[in-house]
Amino acid sequence: MTEQPTNPEPAEHEHAVDTQALRDIAEVSSVEIITSACVHLMSAAAVKVGLAEDEELGQYQDLDEARSLITALAGLVTAAAPQIGNEHARSLRDGLRSLQLAFAEALPFPDEPGKAPGEQFTGRVS
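Every value quoted in this text rests on a predicted model; they were computed, and no experiment measured them.

Participant: Explain the nonpolar core here, please?
Facilitator: Most often, soluble globular proteins have nonpolar side chains that are buried together. Core analysis: the biggest nonpolar cluster contains 24 residues, and I70, L73, I84 and F103 have the highest contact counts within it. Among the elements of the structure, helix 2 (30–49), helix 3 (63–84) and helix 4 (86–106) are those that each provide at least two residues to this core. Looking at which element gives the most residues to this core, the answer is helix 3, with 10 residues.

Spelled out as structure tokens, the structure:
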């Protein structure tokens with residue numbers, strides 16, 4: 001039985017990719033990472049609220065999923081606001097508020113005051 005030669009290149013290549021990814025992340029500010037995460041949550045929540053429409057199938061609405069996404073977004077925006085500064089936090093709060101209002105409009109029956117998604121972090125949205 002002969003031994004197969006091993007090729008160290010794949011492992012070296014993976015290490016180089018990992019190192020490059022670490023360098024890339026190290027160069028990005030925390031404000032950019034936080035706002036990027038918020039934008040992803042906002043986009044997903046908008047789709048789940050039903051603000052996006054598929055031409056063939058109709059809306060992608062899933063209000064249970066939207067509730068979770070909006071609540072996570074509210075927690076992140078509220079917690080990060082002191083670190084990211086008022087300029088960034090203001091636009092994120094505006095987007096969050098718009099999603100909360102769109103969610104309320106999409107509900108067949110309104111949530112109790114203080115029970116809508118994210119309100120434990122933002123207070124009552126009206």
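Participant: Please explain helix 3 as it appears in this structure.
Facilitator: The periodicity of an α-helix, 3.6 residues per turn, causes residues three or four places apart in sequence to face the same way. Over its 22 residues, helix 3 extends 29 Å from the first C-alpha to the last, a length consistent with the 32 Å expected when each residue adds 1.5 Å. Its axis deflected by about 30° at T78, helix 3 carries its strongest bend there, up to four residues before the proline P82. All buried positions along helix 3 are accounted for by L63, A66, L69, I70, L73, A74, G75, V77, A80, A81 and I84. Looking one or two places after helix 3, you find G85, whose phi comes out positive at around 90°.

Participant: Got a minute to help me understand the side chain of E119 in this structure?
Facilitator: Counting through the fold element by element, E119 comes out in helix 5 (residues 119–122). Given a relative accessible area of 5%, E119 falls into the buried group. At 2.8 Å, the side chain of E119 forms a polar contact with the backbone nitrogen of G114. For E119, the side chain forms a polar contact with the main-chain nitrogen of K115, separated by 3.3 Å. Setting aside residues no more than four positions away along its own chain, E119 makes contact with Q100, E112, P113, G114, R124 and V125.

Participant: I would appreciate a short explanation of the pattern of salt bridges in the present structure.
Facilitator: A side chain with one charge may pair with a side chain of the opposite charge, provided their charged atoms come close. Overall, the coordinates contain 2 salt bridges when judged by the stated rule. Of the charged contacts, one joins R67 and D111 as a salt bridge, the two residues approaching to 3.0 Å between their closest N and O atoms. With a gap of 44 residues between them, R67 in helix 3 and D111 in the loop between helix 4 and helix 5 connect regions that are remote in the sequence. Judged by its relative accessible area of 25%, R67 is partly exposed. A salt bridge links E119 to R124; its shortest N-O distance comes to 3.1 Å. Overall, R124 belongs to the partly exposed group, its relative accessible area being 47%.

Participant: Please explain the packing of helix 2 against helix 4 as it appears in this structure.
Facilitator: For any two helices packed against each other, the geometry comes down to the angle between their axes and how far apart the axes lie. Close contact between helix 2 and helix 4 brings their axes to 10 Å; oriented N to C, the two are set at 15°. Our classification of the angle between helix 2 and helix 4 gives roughly parallel. As for how helix 2 packs across helix 4, the hand of that crossing is left-handed. Residues V31, T35, C38, M42, A45, A46 and V49 of helix 2 form the contact with helix 4, whose own contacting residues are H88, L92, G95, L96, L99, A102, F103 and A106. Along the lines of polarity and charge, the residues of the contact of helix 2 with helix 4 split into 12 nonpolar, 3 polar and no charged.

Rules behind the numbers
Counting from 1, residues in each chain are numbered in the order their sequence is written. Reporting of local features is limited, given that this is a predicted model, to residues whose pLDDT is at least 70; pairs of side-chain atoms are given and counted only at 80 or more, and all residues count toward the totals for whole chains, interfaces and linings. Heavy atoms from the whole structure form the basis of all side-chain values; hydrogens and water molecules are not counted. Nonpolar cores are built from buried Ala, Val, Leu, Ile, Met, Phe, Trp, Tyr and Cys residues. Side-chain atoms within 4.5 Å join them into one set. Each residue is assigned to one of three classes by its accessible area relative to the maximum for its type, calculated with a 1.4 Å probe on protein chains only: buried under 20%, partly exposed between the two thresholds, exposed over 50%. A run of DSSP states H or I qualifies as a helix once it reaches four residues; a run of E qualifies as a strand once it reaches two. Both are numbered from the N-terminal end. The span expected for a helix works out to 1.5 Å for each residue beyond the first. Bend is computed residue by residue as the angle between axes fitted to the seven residues ending at the residue and the seven residues starting at it. Under this definition, polar contacts are N or O atom pairs within 3.5 Å; protein pairs additionally need one hydrogen-donor-capable and one acceptor-capable atom, and for neighbouring residues in sequence, both atoms have to be side-chain atoms. Contacts: residue pairs with any heavy atoms within 4.5 Å of one another. A pair is scored as a salt bridge if a Lys or Arg side-chain nitrogen falls within 4 Å of a carboxyl oxygen belonging to Asp or Glu. The angle between two axes is taken between their N-to-C directions and runs from 0 to 180 degrees, where each axis is a line fitted to C-alpha atoms and a helix contributes only its stretch in contact. Just so you know how the angles are binned, under 35 degrees is roughly parallel, over 145 roughly antiparallel, 65 to 115 roughly perpendicular, and the rest oblique. Should the near helix be turned anticlockwise from the far one by less than a right angle, the crossing is termed left-handed; should it be turned clockwise, right-handed. Under the scheme applied, nonpolar residues are Ala, Val, Leu, Ile, Met, Phe, Trp, Tyr, Cys and Pro; charged residues are Asp, Glu, Lys and Arg; polar residues are all the others, including Gly.

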